[in-house]
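What follows is the residue order along each chain.
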Amino acid sequence: MHERDTDLYQSVTPLAPVSCDQTANFTHEMGNKEESVMRIGMIGAGWQGGTLAKQLAKAGHEVRVANRRGPQSLQECAKQTGTIASTVEHAATNAELIMIALPFKAIPSLPKSLFKDLPDSVTIVDVSNYYPSWRDGPIPEVEAGLVESEWVEKQIGRPVVKAFNSITFDSLEHLGKPVGSSDRIALSLAGDRVEDKKKVAKLIDDLGFDALDIGPLSQSWRQQPGTPAYCTDLDLERLSAAVKAADRRTATETREEQSRAIVALGPNATPLERVKASRQVFVRNYRQQFGRDC
Ligand SMILES: NC(=O)c1ccc[n+]([C@@H]2O[C@H](COP(=O)([O-])OP(=O)(O)OC[C@H]3O[C@@H](n4cnc5c(N)ncnc54)[C@H](OP(=O)(O)O)[C@@H]3O)[C@@H](O)[C@H]2O)c1
(Lines give C-alpha, C1' and ligand atoms only; values in the text may rest on other atoms or scores of the structure.)
Protein backbone atom coordinates (compact mmCIF):
# COMPACT_ATOMS: atom_id res chain seq x y z
CA MET A 1 0.00 0.00 0.00
CA HIS A 2 1.37 3.45 -0.89
CA GLU A 3 2.08 6.33 1.48
CA ARG A 4 -0.42 8.45 -0.42
CA ASP A 5 -3.32 6.06 0.30
CA THR A 6 -3.88 7.68 3.67
CA ASP A 7 -7.63 7.78 3.15
CA LEU A 8 -7.97 4.24 1.82
CA TYR A 9 -10.90 3.50 4.08
CA GLN A 10 -12.14 6.98 4.89
CA SER A 11 -15.22 7.88 2.87
CA VAL A 12 -18.33 5.71 2.95
CA THR A 13 -21.55 6.66 1.24
CA PRO A 14 -24.62 6.23 3.48
CA LEU A 15 -26.64 3.13 2.59
CA ALA A 16 -30.40 2.89 2.15
CA PRO A 17 -32.46 0.09 3.73
CA VAL A 18 -32.78 -3.18 1.80
CA SER A 19 -36.10 -4.16 0.23
CA CYS A 20 -37.55 -6.72 -2.17
CA ASP A 21 -39.18 -4.07 -4.35
CA GLN A 22 -37.87 -2.48 -7.49
CA THR A 23 -37.43 1.09 -6.29
CA ALA A 24 -34.23 3.10 -6.04
CA ASN A 25 -30.75 2.85 -7.36
CA PHE A 26 -28.79 2.57 -10.52
CA THR A 27 -28.60 -0.05 -13.21
CA HIS A 28 -27.50 0.55 -16.80
CA GLU A 29 -30.05 1.15 -19.52
CA MET A 30 -28.79 -1.22 -22.19
CA GLY A 31 -28.18 0.16 -25.68
CA ASN A 32 -28.84 -2.51 -28.27
CA LYS A 33 -31.09 -4.62 -26.10
CA GLU A 34 -31.08 -7.87 -28.06
CA GLU A 35 -27.29 -7.94 -28.26
CA SER A 36 -26.82 -7.11 -24.60
CA VAL A 37 -29.36 -9.32 -22.84
CA MET A 38 -27.66 -12.24 -21.15
CA ARG A 39 -29.48 -15.42 -20.10
CA ILE A 40 -28.37 -15.93 -16.52
CA GLY A 41 -29.03 -18.84 -14.16
CA MET A 42 -28.88 -17.90 -10.47
CA ILE A 43 -28.41 -20.87 -8.17
CA GLY A 44 -29.18 -19.63 -4.68
CA ALA A 45 -31.83 -17.03 -3.98
CA GLY A 46 -30.91 -15.78 -0.52
CA TRP A 47 -29.52 -12.38 0.43
CA GLN A 48 -26.79 -12.36 -2.19
CA GLY A 49 -28.29 -14.50 -4.98
CA GLY A 50 -31.70 -12.87 -4.62
CA THR A 51 -30.22 -9.37 -4.73
CA LEU A 52 -28.00 -10.18 -7.70
CA ALA A 53 -30.97 -11.68 -9.54
CA LYS A 54 -33.12 -8.63 -8.89
CA GLN A 55 -30.44 -6.16 -9.98
CA LEU A 56 -29.50 -8.14 -13.08
CA ALA A 57 -33.14 -8.40 -14.13
CA LYS A 58 -33.51 -4.68 -13.56
CA ALA A 59 -30.52 -4.13 -15.86
CA GLY A 60 -32.45 -5.98 -18.56
CA HIS A 61 -31.04 -9.50 -18.31
CA GLU A 62 -33.12 -12.68 -18.33
CA VAL A 63 -32.58 -14.29 -14.94
CA ARG A 64 -33.81 -17.69 -13.80
CA VAL A 65 -33.55 -18.15 -10.06
CA ALA A 66 -33.41 -21.41 -8.11
CA ASN A 67 -33.12 -22.37 -4.49
CA ARG A 68 -33.24 -25.59 -2.46
CA ARG A 69 -36.98 -25.52 -1.73
CA GLY A 70 -38.06 -25.23 -5.36
CA PRO A 71 -39.77 -22.68 -7.64
CA GLN A 72 -43.03 -22.51 -5.66
CA SER A 73 -41.19 -20.75 -2.85
CA LEU A 74 -39.86 -18.14 -5.30
CA GLN A 75 -43.00 -17.27 -7.25
CA GLU A 76 -43.95 -14.14 -5.35
CA CYS A 77 -40.46 -12.64 -5.30
CA ALA A 78 -40.00 -13.51 -8.99
CA LYS A 79 -43.18 -11.62 -9.82
CA GLN A 80 -41.96 -8.55 -7.94
CA THR A 81 -38.45 -8.57 -9.36
CA GLY A 82 -38.93 -9.61 -12.97
CA THR A 83 -37.04 -12.87 -12.57
CA ILE A 84 -38.15 -16.42 -13.42
CA ALA A 85 -38.66 -18.94 -10.60
CA SER A 86 -36.94 -22.20 -11.64
CA THR A 87 -35.58 -25.50 -10.54
CA VAL A 88 -31.80 -25.71 -10.30
CA GLU A 89 -31.72 -27.74 -13.53
CA HIS A 90 -33.93 -25.28 -15.39
CA ALA A 91 -31.83 -22.33 -14.23
CA ALA A 92 -28.75 -23.94 -15.79
CA THR A 93 -30.40 -24.99 -19.06
CA ASN A 94 -29.52 -22.68 -21.99
CA ALA A 95 -27.89 -20.18 -19.66
CA GLU A 96 -24.93 -18.19 -21.00
CA LEU A 97 -23.72 -17.56 -17.49
CA ILE A 98 -24.50 -19.32 -14.20
CA MET A 99 -23.90 -17.82 -10.77
CA ILE A 100 -23.46 -20.04 -7.74
CA ALA A 101 -24.63 -18.07 -4.70
CA LEU A 102 -24.81 -20.82 -2.08
CA PRO A 103 -23.30 -21.32 1.33
CA PHE A 104 -19.83 -22.73 0.56
CA LYS A 105 -20.49 -26.08 2.23
CA ALA A 106 -23.66 -26.61 0.10
CA ILE A 107 -21.82 -26.53 -3.23
CA PRO A 108 -20.93 -30.27 -3.30
CA SER A 109 -24.64 -31.06 -2.87
CA LEU A 110 -25.49 -29.69 -6.34
CA PRO A 111 -26.39 -32.48 -8.78
CA LYS A 112 -23.19 -33.86 -10.33
CA SER A 113 -24.84 -33.90 -13.77
CA LEU A 114 -25.66 -30.18 -13.63
CA PHE A 115 -22.48 -28.84 -15.25
CA LYS A 116 -21.38 -31.95 -17.13
CA ASP A 117 -23.04 -31.37 -20.50
CA LEU A 118 -23.01 -27.58 -20.62
CA PRO A 119 -21.32 -26.03 -23.67
CA ASP A 120 -17.76 -24.86 -23.01
CA SER A 121 -18.83 -21.26 -23.64
CA VAL A 122 -21.01 -21.13 -20.51
CA THR A 123 -19.43 -18.99 -17.81
CA ILE A 124 -19.72 -20.08 -14.17
CA VAL A 125 -19.36 -17.45 -11.45
CA ASP A 126 -18.53 -18.39 -7.87
CA VAL A 127 -20.10 -15.86 -5.50
CA SER A 128 -19.47 -17.89 -2.34
CA ASN A 129 -17.25 -17.32 0.68
CA TYR A 130 -15.79 -19.80 3.12
CA TYR A 131 -16.71 -19.27 6.77
CA PRO A 132 -15.60 -22.38 8.68
CA SER A 133 -16.19 -21.06 12.19
CA TRP A 134 -19.87 -20.11 12.05
CA ARG A 135 -21.35 -21.70 8.92
CA ASP A 136 -19.38 -24.10 6.76
CA GLY A 137 -17.27 -26.10 9.22
CA PRO A 138 -13.62 -26.81 8.35
CA ILE A 139 -13.02 -28.28 4.89
CA PRO A 140 -9.69 -30.16 4.95
CA GLU A 141 -8.43 -29.25 1.45
CA VAL A 142 -9.12 -25.57 2.00
CA GLU A 143 -7.60 -25.68 5.48
CA ALA A 144 -4.53 -27.25 3.84
CA GLY A 145 -4.19 -24.23 1.53
CA LEU A 146 -6.30 -24.83 -1.57
CA VAL A 147 -7.75 -21.50 -2.72
CA GLU A 148 -11.51 -21.48 -2.05
CA SER A 149 -12.65 -21.01 -5.66
CA GLU A 150 -10.20 -23.68 -6.83
CA TRP A 151 -11.98 -26.01 -4.41
CA VAL A 152 -15.31 -24.95 -5.98
CA GLU A 153 -13.92 -25.76 -9.45
CA LYS A 154 -13.02 -29.23 -8.22
CA GLN A 155 -16.53 -29.79 -6.86
CA ILE A 156 -18.33 -28.83 -10.07
CA GLY A 157 -15.69 -29.94 -12.60
CA ARG A 158 -15.72 -26.60 -14.46
CA PRO A 159 -13.63 -23.40 -14.52
CA VAL A 160 -15.13 -20.56 -12.49
CA VAL A 161 -14.70 -16.81 -12.19
CA LYS A 162 -14.69 -15.49 -8.65
CA ALA A 163 -16.82 -12.34 -8.46
CA PHE A 164 -19.54 -10.57 -6.46
CA ASN A 165 -18.30 -12.27 -3.29
CA SER A 166 -16.61 -9.16 -1.92
CA ILE A 167 -19.58 -6.81 -1.62
CA THR A 168 -22.54 -7.11 0.71
CA PHE A 169 -26.03 -7.49 -0.69
CA ASP A 170 -27.04 -4.06 0.59
CA SER A 171 -24.16 -2.25 -1.11
CA LEU A 172 -24.89 -4.28 -4.24
CA GLU A 173 -28.47 -3.12 -4.21
CA HIS A 174 -28.02 0.50 -3.26
CA LEU A 175 -24.58 1.79 -4.18
CA GLY A 176 -24.30 1.25 -7.94
CA LYS A 177 -23.49 4.44 -9.86
CA PRO A 178 -23.15 5.49 -13.51
CA VAL A 179 -19.78 4.94 -15.14
CA GLY A 180 -17.43 7.88 -14.57
CA SER A 181 -18.87 8.82 -11.14
CA SER A 182 -15.94 9.90 -8.99
CA ASP A 183 -16.84 7.69 -6.04
CA ARG A 184 -17.99 4.63 -8.00
CA ILE A 185 -17.27 1.44 -6.03
CA ALA A 186 -15.07 -1.13 -7.77
CA LEU A 187 -15.42 -4.92 -7.61
CA SER A 188 -12.59 -7.33 -8.29
CA LEU A 189 -12.82 -10.54 -10.26
CA ALA A 190 -10.40 -13.42 -10.83
CA GLY A 191 -10.39 -16.33 -13.26
CA ASP A 192 -8.40 -18.19 -15.88
CA ARG A 193 -10.51 -17.63 -19.02
CA VAL A 194 -10.44 -14.21 -20.66
CA GLU A 195 -13.85 -14.51 -22.35
CA ASP A 196 -15.49 -15.45 -19.06
CA LYS A 197 -13.96 -12.47 -17.34
CA LYS A 198 -15.15 -10.10 -20.10
CA LYS A 199 -18.73 -11.27 -19.57
CA VAL A 200 -18.49 -10.84 -15.82
CA ALA A 201 -16.85 -7.40 -16.09
CA LYS A 202 -19.77 -6.31 -18.29
CA LEU A 203 -22.28 -7.44 -15.65
CA ILE A 204 -20.34 -5.63 -12.93
CA ASP A 205 -20.57 -2.44 -14.99
CA ASP A 206 -24.28 -3.04 -15.72
CA LEU A 207 -24.92 -3.09 -11.96
CA GLY A 208 -23.12 0.23 -11.47
CA PHE A 209 -19.61 -0.74 -10.40
CA ASP A 210 -16.11 -0.58 -11.90
CA ALA A 211 -14.52 -3.96 -12.59
CA LEU A 212 -10.95 -4.80 -11.56
CA ASP A 213 -9.44 -7.96 -13.04
CA ILE A 214 -6.91 -9.24 -10.50
CA GLY A 215 -5.60 -12.12 -12.61
CA PRO A 216 -5.95 -15.90 -12.53
CA LEU A 217 -8.18 -17.81 -10.14
CA SER A 218 -5.17 -18.66 -8.00
CA GLN A 219 -5.15 -14.97 -7.00
CA SER A 220 -8.81 -14.93 -5.93
CA TRP A 221 -7.81 -15.23 -2.26
CA ARG A 222 -6.97 -11.51 -2.55
CA GLN A 223 -10.71 -10.70 -2.52
CA GLN A 224 -11.73 -13.24 0.12
CA PRO A 225 -12.85 -12.59 3.71
CA GLY A 226 -9.89 -11.41 5.77
CA THR A 227 -8.37 -9.23 3.06
CA PRO A 228 -8.70 -5.44 2.81
CA ALA A 229 -10.66 -5.69 -0.47
CA TYR A 230 -13.44 -7.64 1.22
CA CYS A 231 -16.67 -5.73 1.80
CA THR A 232 -14.92 -2.39 2.24
CA ASP A 233 -16.60 -0.65 -0.74
CA LEU A 234 -13.51 0.99 -2.24
CA ASP A 235 -13.19 2.87 -5.51
CA LEU A 236 -10.95 1.56 -8.29
CA GLU A 237 -7.72 3.20 -7.17
CA ARG A 238 -8.15 2.19 -3.55
CA LEU A 239 -9.27 -1.33 -4.46
CA SER A 240 -6.14 -1.80 -6.60
CA ALA A 241 -4.02 -0.81 -3.59
CA ALA A 242 -6.05 -3.02 -1.25
CA VAL A 243 -5.72 -6.09 -3.48
CA LYS A 244 -1.94 -5.60 -3.65
CA ALA A 245 -1.78 -5.18 0.12
CA ALA A 246 -3.58 -8.49 0.83
CA ASP A 247 -1.54 -10.84 3.01
CA ARG A 248 -2.36 -14.51 2.78
CA ARG A 249 -0.50 -15.35 5.99
CA THR A 250 -2.84 -13.20 8.08
CA ALA A 251 -6.07 -13.56 6.07
CA THR A 252 -7.51 -16.46 8.09
CA GLU A 253 -7.01 -14.74 11.40
CA THR A 254 -8.30 -11.43 10.05
CA ARG A 255 -11.37 -13.17 8.57
CA GLU A 256 -12.35 -14.30 12.06
CA GLU A 257 -11.57 -10.89 13.52
CA GLN A 258 -13.71 -9.20 10.89
CA SER A 259 -16.59 -11.63 11.58
CA ARG A 260 -16.35 -10.93 15.32
CA ALA A 261 -16.32 -7.17 14.73
CA ILE A 262 -19.50 -7.39 12.66
CA VAL A 263 -21.31 -9.76 15.06
CA ALA A 264 -20.39 -7.43 17.93
CA LEU A 265 -22.36 -4.65 16.26
CA GLY A 266 -25.56 -6.64 16.87
CA PRO A 267 -28.45 -7.45 14.55
CA ASN A 268 -29.64 -3.85 14.24
CA ALA A 269 -26.39 -2.44 12.88
CA THR A 270 -26.74 -0.46 9.70
CA PRO A 271 -24.94 -1.57 6.54
CA LEU A 272 -22.78 1.55 6.84
CA GLU A 273 -21.69 0.52 10.35
CA ARG A 274 -20.76 -2.93 9.03
CA VAL A 275 -18.62 -1.54 6.21
CA LYS A 276 -16.91 0.80 8.69
CA ALA A 277 -16.23 -2.08 11.11
CA SER A 278 -14.60 -4.07 8.30
CA ARG A 279 -12.42 -1.14 7.33
CA GLN A 280 -11.37 -0.51 10.93
CA VAL A 281 -10.08 -4.08 11.31
CA PHE A 282 -7.73 -3.61 8.37
CA VAL A 283 -6.64 -0.13 9.37
CA ARG A 284 -5.78 -1.40 12.88
CA ASN A 285 -3.89 -4.42 11.57
CA TYR A 286 -1.98 -2.34 9.05
CA ARG A 287 -0.98 0.10 11.77
CA GLN A 288 0.22 -2.76 13.99
CA GLN A 289 2.22 -4.33 11.17
CA PHE A 290 3.83 -1.22 9.70
CA GLY A 291 3.66 1.28 12.55
CA ARG A 292 1.84 3.89 10.46
CA ASP A 293 -1.52 4.47 8.82
CA CYS A 294 -2.32 2.80 5.52
N1 LIG B 1 -25.10 -12.02 2.19
C2 LIG B 1 -24.12 -11.29 1.65
O3 LIG B 1 -24.12 -10.04 1.77
C4 LIG B 1 -23.04 -11.97 0.86
C5 LIG B 1 -22.07 -11.16 0.23
C6 LIG B 1 -21.09 -11.75 -0.56
C7 LIG B 1 -21.04 -13.13 -0.70
N8 LIG B 1 -21.95 -13.89 -0.03
C9 LIG B 1 -21.84 -15.35 -0.18
O10 LIG B 1 -22.87 -15.77 -1.05
C11 LIG B 1 -23.32 -17.08 -0.65
C12 LIG B 1 -24.81 -17.01 -0.35
O13 LIG B 1 -24.98 -16.13 0.74
P14 LIG B 1 -26.43 -15.61 1.17
O15 LIG B 1 -26.20 -14.58 2.20
O16 LIG B 1 -27.23 -15.29 -0.03
O17 LIG B 1 -26.99 -16.93 1.88
P18 LIG B 1 -28.53 -17.27 2.26
O19 LIG B 1 -29.30 -16.01 2.40
O20 LIG B 1 -28.45 -18.23 3.38
O21 LIG B 1 -29.08 -18.02 0.95
C22 LIG B 1 -28.61 -19.28 0.57
C23 LIG B 1 -29.38 -19.72 -0.67
O24 LIG B 1 -28.83 -20.95 -1.12
C25 LIG B 1 -29.90 -21.88 -1.35
N26 LIG B 1 -29.39 -23.23 -1.21
C27 LIG B 1 -28.75 -23.80 -0.19
N28 LIG B 1 -28.41 -25.08 -0.49
C29 LIG B 1 -28.85 -25.30 -1.76
C30 LIG B 1 -28.82 -26.41 -2.64
N31 LIG B 1 -28.23 -27.55 -2.29
N32 LIG B 1 -29.38 -26.28 -3.86
C33 LIG B 1 -29.96 -25.12 -4.24
N34 LIG B 1 -30.02 -24.03 -3.44
C35 LIG B 1 -29.48 -24.13 -2.22
C36 LIG B 1 -30.92 -21.52 -0.31
O37 LIG B 1 -32.16 -22.08 -0.67
P38 LIG B 1 -33.33 -22.25 0.44
O39 LIG B 1 -33.67 -20.86 0.89
O40 LIG B 1 -34.42 -22.92 -0.31
O41 LIG B 1 -32.72 -23.08 1.54
C42 LIG B 1 -30.86 -19.98 -0.40
O43 LIG B 1 -31.62 -19.55 -1.51
C44 LIG B 1 -22.50 -17.48 0.57
O45 LIG B 1 -21.41 -18.27 0.19
C46 LIG B 1 -22.04 -16.12 1.10
O47 LIG B 1 -20.86 -16.23 1.87
C48 LIG B 1 -22.95 -13.35 0.72
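Novice: Go over the overall build of the protein chain, please, and point to the residues and values.
Specialist: Tallying secondary structure elements over the protein chain gives 12 helices and 8 strands in all. For the protein chain, the residues scored as buried account for 43% of the 294 residues in total. Counting contacts in the protein chain only where the partners sit at least 6 residues apart, residues at least 24 apart contribute 71% of the total.

Novice: Describe the site of the ligand, listing the residues and the values that go with them.
Specialist: Surveying the vicinity of the ligand reveals 24 residues, the closest of which are Gly46, Asn67, Arg68, Ser128 and Asn129. With 3 residues, the top contributor of residues to the shell around the ligand is helix 2 (residues 47-58).

Novice: So, the nonpolar core: which residues are in play, and what are the values?
Specialist: Judged by nonpolar contacts, the single largest core of 63 residues is most densely connected at Met42, Ile43, Val65, Met99, Ile100, Val125 and Leu187. Those residues within four positions of Met99 in sequence are excluded, and the remaining contacts are Ile40, Met42, Ile43, Gly49, Leu52, Val125 and Val127.

Novice: Explain the sheet that holds strand 2 (residues 62-66) residue by residue, including any values.
Specialist: Read across the sheet, 6 strands follow the order 3-2-1-4-5-6 without closing on themselves; strand pairing throughout is parallel. Lying at the two open borders of the sheet, with one neighbouring strand each, are strand 3 (84-85) and strand 6 (161-162). In the sheet, strand 4 (residues 97-100) pairs with strand 5 (residues 123-126) via 4 bridges, with the strands oriented parallel. Within strand 5, the position partnered with Ile100 by the bridge is Asp126. Contacts between helix 9 (residues 194-206) and the sheet are confined to strand 4, strand 5 and strand 6, with strand 5 contributing the most and set at about 65 degrees to the helix.

Novice: So what about unusual backbone geometry? Which residues, and what values?
Specialist: A positive phi angle, close to 60 degrees, is found at Phe164, a residue other than glycine. In this structure Phe164 comes out as buried when scored by C-beta crowding, with 27 C-beta atoms within 10 Å. In this model, Asp233 sits at a positive phi of 50 degrees, which is unusual for a non-glycine residue. As for its position among the elements, Asp233 is in the loop between strand 8 (210-213) and helix 10 (236-245). Looking at Asp233, the number of C-beta atoms within 10 Å reads 27, which means it is buried.

Novice: Now, about helix 2: what can you tell me, with residues and values included?
Specialist: Between its terminal C-alpha atoms helix 2 stretches 16 Å, which fits the 16 Å expected from 12 residues at 1.5 Å a residue. When you tally the buried positions in helix 2, you get 11 out of 12 residues, the bulk of the element. Looking at the packing, one finds that the buried side of helix 2 touches strand 1 (39-43), strand 2, helix 3 (75-81), strand 4, helix 8 (169-174) and helix 9. Of the residues one or two after helix 2, Gly60 is the one with positive phi, at around 105 degrees.

Novice: Help me get a handle on the confidence of the model for the protein chain, residues and values and all.
Specialist: On average, the protein chain scores 89 in pLDDT, and the residues at 70 or more come to 86%. For the stretch residues 1-24, pLDDT sits under 50, and the model shows 44 contacts to residues farther than four places along the chain or on other chains.

Novice: Describe helix 10, and please don't skip the residues or the numbers.
Specialist: Within the sequence span of helix 10, burial applies to Arg238, Leu239, Ala242, Val243 and Ala245. One face of helix 10 carries all of its buried residues, which in axial projection span an arc of 160 degrees. Check the buried side of helix 10 and you find it contacts strand 7 (186-189) and strand 8.

Analysis parameters
- Residues numbered from 1 in each chain as written.
- Predicted model: local features only at pLDDT ≥ 70, side-chain atom pairs only at ≥ 80, totals over all residues.
- Helix = DSSP H or I, 4+ residues; strand = E, 2+ residues; numbered from the N terminus.
- Buried ≥ 20, exposed ≤ 12 C-beta atoms within 10 Å, placed from the backbone.
- Contact = placed C-beta atoms within 7 Å.
- Near = placed C-beta within 6 Å.
- Core = buried A, V, L, I, M, F, W, Y, C linked by C-beta atoms within 7 Å.
- Pairing = 2+ DSSP bridges.
- Axes fitted to C-alpha atoms, helices over the stretch in contact; angles between N-to-C directions.
- Expected span 1.5 Å × (residues − 1).
- pLDDT = per-residue confidence, 0-100.
- Arc of directions from axis to C-beta.

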